[in-house]
Amino acid sequence: MINYQLKHLDELESEAIYVLREVAAQFEKPVLLFSGGKDSIVMAYLAKKAFHPGRIPFPLMHVDTGHNFDETIEFRDNFVKYLNADLVVASVQDTIDKGRVTEEKGIHASRNMLQTTTLLDALEEHKFDCAMGGGRRDEEKARAKERFFSHRDEFGQWDPKNQRPELWSLYNGRKNMGEHFRVFPLSNWTEMDVWQYIAREKIEIPPIYFSHEREVVVRDGVILADSAFLPKGENDKVEKRIVRCRTVGDMTCTGMVESKALSLTEIIDEVAASRITERGGRADDKRSETAMEDRKRNGYF
């Protein structure tokens, strides 16, 4: 049996808890973004630890595209009950119904891009001045530029060239009226760290992270789960494969991987052997070389 009592996990845990407590101390109305994916699960679990025995002093918020894996939504609701936390659901469908955004058309249509407007509207509606997310620097080159405390202007935009120094773990949360911050407590974690921590702490995760048989469509080398939400072209063929999710998001752009991993130990071994990043299968990241950075500049997380 593998020993996950790794010292560096204690250091990462301590750092993340320190950041979460800094958020609670510096901001009037923070919120923790929760998708039901492994990173947001770990972040919420750390928040529970950070403020034990009290309740988590801020709500969780899910920006819901409406095109979710059923397993994710079921897990989200059960996990929020376990945390004894408050949940805010910001609906992309509501944003569409209000005419704030327009549904994409075609076989590559996704609601992932539409989440930005829903997120910014929800932050304004609820007067949240800080939104915490599970982004990590190892995920993608645009995320690697992000600081722990990421300043956003009155339009929710991010300027990577105008970030504040964070020497000696000192975080500056000062802002002007209308501005807010995005905070990333897991910045220094890697995908491997997240899985090892989940294994060590015995944290529950959605079953779609483990190997299972599912009907899929393979498009441009990306394995997409078949669903009523996935637009299909005449050349798309639905087939059954043994797959699992490596990252979780909107069903229309979340790539799956072929896998036989049925346990956390097998997932960790698989991740250790992989030479492709976990976002390597995300269809939304393949739209352009700067897809993620362009979205972040516009207010995406």
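Residues numbered from 1 in each chain as written. Predicted model: local features only at pLDDT ≥ 70, side-chain atom pairs only at ≥ 80, totals over all residues. Heavy atoms only, no water.

## Brief notes about the domain arrangement of the protein chain
Note the threshold: Where each domain starts and ends follows an automatic or database-derived domain assignment. Note: buried area is the sum, over both parts, of the accessible area (probe 1.4 Å) each one loses when the two are combined. Salt bridge, as used here: a side-chain nitrogen of Lys or Arg that lies within 4 Å of a carboxyl oxygen of Asp or Glu.
The assigned domain composition of the protein chain is domain 1 (8-193 + 290-297) and domain 2 (205-283). The C-alpha-based centres of domain 1 and domain 2 are spaced at 23 Å. Each partner contributes to the roughly 2300 Å² buried at the junction of domain 1 and domain 2, and carbon and sulfur atoms together form 59% of this total. Our enumeration of links across domain 1 and domain 2 arrives at 2 salt bridges.

## What about helix α6 (residues 191-201)?
Selection criterion: Exposure categories follow from relative accessible area, calculated using a 1.4 Å probe and restricted to protein chains: below 20% of the type maximum is buried, above 50% is exposed, and the middle band is partly exposed. Secondary structure follows DSSP: runs of H or I at least 4 residues long count as helices, runs of E at least 2 residues long count as strands, and numbering of each begins at the N terminus. The contact criterion used is simple: two residues touch if any of their non-hydrogen atoms lie within 4.5 Å.
Across the 11 residues of α6, 10 count as buried, placing the element largely inside the fold. Among the residues making up α6, those that are buried are Glu191, Asp193, Val194, Trp195, Gln196, Tyr197, Ile198, Ala199, Arg200 and Glu201. Of the surrounding secondary structure, the elements contacted by the buried residues of α6 are α1 (7-26), α2 (38-51), β9 (238-245) and α7 (264-273). Just beyond α6, the residue with positive phi is Lys202, at close to 60°.

## Describing unusual backbone geometry
With an omega dihedral of 10°, the bond running from His52 to Pro53 counts as a cis peptide bond. Take Pro53: it is sitting in the loop between α2 and β2 (60-64). Positive phi, normally seen in glycine, also occurs at Asn84, with a value near 55°. With respect to the helices and strands, Asn84 occurs in the loop between α3 (70-83) and β3 (87-91). For Asn84, a relative accessible area of 46% gives the class partly exposed. Of note, Lys127 is a non-glycine position whose phi angle comes to about 60°, a positive value. Examined against the element boundaries, Lys127 turns out to sit in the loop between α5 (115-125) and β4 (130-132).

## Re the sheet that holds strand β8 (residues 222-225)
Strand pairing in a sheet relies on backbone hydrogen bonds. The paired strands run either parallel or antiparallel. Short version of the rule: Strand pairing follows a simple DSSP-based rule, namely that at least 2 bridges must link the two strands. Axes here refer to lines fitted to C-alpha atoms; in helices the fit is confined to the stretch in contact. Angles between the N-to-C directions go from 0 to 180 degrees.
Strand order in the closed barrel formed by 4 strands is β7-β8-β10-β9, with antiparallel pairing between adjacent strands. On average, each strand axis in the sheet is inclined to that of its neighbour by 70°, with strand direction left out of account. Bridging between strand β7 (residues 212-219) and β9 involves 6 bridges; their strand directions are antiparallel. Bridging from a neighbouring strand, Val217 pairs with Val238 of β9.

## Some remarks on the sheet that holds strand β1 (residues 30-33)
Taken together, the 6 strands give an open sheet; going across it, the order is β3-β2-β1-β4-β6-β5, and neighbouring strands pair in mixed fashion. Because the sheet does not close on itself, it has two edges, and the strands there are β3 and β5 (149-152). Between one strand axis and the next, the sheet turns through 30° on average, direction left out of account. With 3 bridges connecting them, β1 and β4 associate as parallel partners.

## Topic: the pattern of salt bridges
Using the criterion set out here, one finds 20 salt bridges in the structure. Two residues, Arg55 and Asp86, come together in a salt bridge whose shortest N-O distance is 3.3 Å. Placement of the pair is Arg55 in the loop between α2 and β2 and Asp86 in the loop between α3 and β3, with a sequence separation of 31 residues. With a relative accessible area of 44%, Arg55 lands in the partly exposed category.

## As for α7
Note the threshold: Note that the arc is computed from the directions linking the helix axis to the C-beta atoms.
Every buried residue belonging to α7 is among Leu264, Ile267, Ile268 and Val271, and all of these are buried. Buried residues in α7, looked at end-on, bunch into an arc of 100°, giving them a common side. Looking at the packing, one finds that the buried side of α7 touches α6 and β9.

## Describing the state of the cysteines
Applicable threshold: By disulfide we mean two sulfur atoms from cysteines, separated by a distance within 2.5 Å.
Counted according to the given criterion, the structure contains 0 disulfides. Looking at the unpaired Cys245, the closest cysteine sulfur is the one in Cys253, lying at 11 Å. Assessed through its relative accessible area of 0%, Cys245 is described here as buried.

## A look at the nonpolar core
To keep things clear, this is the line we draw: Take the buried Ala, Val, Leu, Ile, Met, Phe, Trp, Tyr and Cys residues and link them wherever side-chain atoms come within 4.5 Å; each set so joined is a nonpolar core.
Leu32, Val42, Leu46, Met132, Phe149, Trp189 and Trp195 are the most contacted members of the largest nonpolar core, which has 59 residues in total. Among the elements that make up this core, the one with the highest residue count is α2 (9 residues). Looking at which domains feed residues into this core, each of domain 1 (8-193 + 290-297) and domain 2 (205-283) gives three or more. Listed in part, the 15 residues of the second largest apolar core include Val88, Ile96, Leu114 and Ala122.

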